[in-house]
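# Report on the structure
Each chain, letter by letter, is given below.
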Amino acid sequence: QVQLVESGGGLVQAGGSLRLSCEASGMFFRINVMGWYRQAQGKQRELVAAIPSSGNPNYADSVKGRFTISRDSAKNTVYLQMSTLKPEDTAVYYCKANAVVSIPVSGGMDYWGKGTLVTVSS
């Protein structure tokens, strides 16, 4: 199994910044892509950013130029640096990782963290 624990959420003024962290733990052979999703009140969960093991990230259009995703494979940790935050960024942010936990398994399975709340005040 893989456990994901997010941290770094909180309350911030518009225009400010936060850095989210997500550390994976447990027993696994390999972690493939890691990413961040968010779910605002009354809306569906959406992809914010993802970064595969190759290190080539992709972003939602709404956060391009403001958010940066990075990864420390040695620490099994993914980060989301959020700058120039807007009230529209207010949401619960979830970490997701695709991991291979058994050799006979091709590809991997998705695992989710419990989320961390980011609130941006105007």
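Everything that follows concerns the structure shown earlier in this document.
Below you will find a few notes about this structure. (Residues numbered from 1 in each chain as written. Predicted model: local features only at pLDDT ≥ 70, side-chain atom pairs only at ≥ 80, totals over all residues. Heavy atoms only, no water.)

Right, let's get into the pattern of salt bridges. Inspection of every chain in the model, using the stated rule, returns five salt bridges. As a salt-bridge pair, Glu-46 and Arg-38 come within 2.9 Å of each other at their nearest N and O atoms. Across the pair Lys-96 and Asp-110 runs a salt bridge, and its minimum N-O distance is 3.7 Å. Linking Lys-96 in strand β9 (residues 91–100) with Asp-110 in strand β10 (residues 109–112), this pair joins segments that are 14 residues apart in sequence. It is possible to trace a salt-bridge network through shared partners that takes in Arg-38, Glu-46, Arg-66 and Asp-89. (Salt bridge = Lys/Arg side-chain N within 4 Å of Asp/Glu carboxyl O. Helix = DSSP H or I, 4+ residues; strand = E, 2+ residues; numbered from the N terminus.)

A few words on the packing of aromatic side chains. If you walk through the whole model with that rule in mind, you get one aromatic pair. In this arrangement the basic side chain of Arg-45 is found over the ring face of Trp-112, its NZ or CZ atom lying 4.7 Å from the centre. (Phe/Tyr/Trp six-rings, centres within 6.5 Å; stacked < 30°, edge-to-face > 60°. Lys NZ or Arg CZ within 6 Å of the ring centre and 35° of its normal.)

Read from one edge to the other, the open sheet built from four strands follows the order β1-β3-β8-β7, with strand pairing classed as antiparallel. For this open sheet the edge positions go to β1 (2–7) and β7 (67–72), each flanked by a neighbour on one side alone. On average, each strand axis in the sheet is inclined to that of its neighbour by 15°, with strand direction left out of account. In this structure, strand β3 (residues 18–26) lies alongside strand β8 (residues 77–82), joined through six bridges in antiparallel fashion. Bridging across to β8, Leu-18 finds its partner in Met-82. (Pairing = 2+ DSSP bridges. Axes fitted to C-alpha atoms, helices over the stretch in contact; angles between N-to-C directions.)

With that settled, consider the state of the cysteines. Under the definition given, this model contains one disulfide. One disulfide in the model links Cys-22 with Cys-95; its S-S distance is 2.0 Å. Across the disulfide from Cys-22 to Cys-95, rotation about the S-S bond amounts to roughly -80°, and the bridge is consequently left-handed. Taken together, the positions of Cys-22 in strand β3 and Cys-95 in strand β9 put the pair 73 residues apart, joining distant regions of the chain. Across the pair, exposure class does not vary: Cys-22 and Cys-95 are buried alike. (Disulfide = S-S within 2.5 Å. Buried < 20%, exposed > 50% of the residue type's maximum accessible area, 1.4 Å probe, protein only.)

Looking now at the side chain of Thr-116. With respect to the helices and strands, the residue Thr-116 is situated in strand β11 (residues 116–121). Among the polar contacts made by the side chain of Thr-116, one reaches the main-chain amide nitrogen of Gly-9 at a distance of 3.3 Å. Dropping the residues within four chain positions of it, Thr-116 is found in contact with Glu-6, Gly-8, Gly-9, Leu-20, Ala-91, Val-92 and Tyr-93. (Polar contact = N/O pair within 3.5 Å; in protein donor to acceptor, adjacent residues only side chain to side chain. Contact = heavy atoms within 4.5 Å.)

Moving on, we get to the environment of Gly-35. Along the chain, Gly-35 turns up in strand β4 (residues 30–39). The class of Gly-35 is buried, set by a relative accessible area of 4%. Aside from chain neighbours lying at most four places away, what touches Gly-35 is Ala-49, Ala-50, Ile-69, Tyr-94, Cys-95 and Lys-96.

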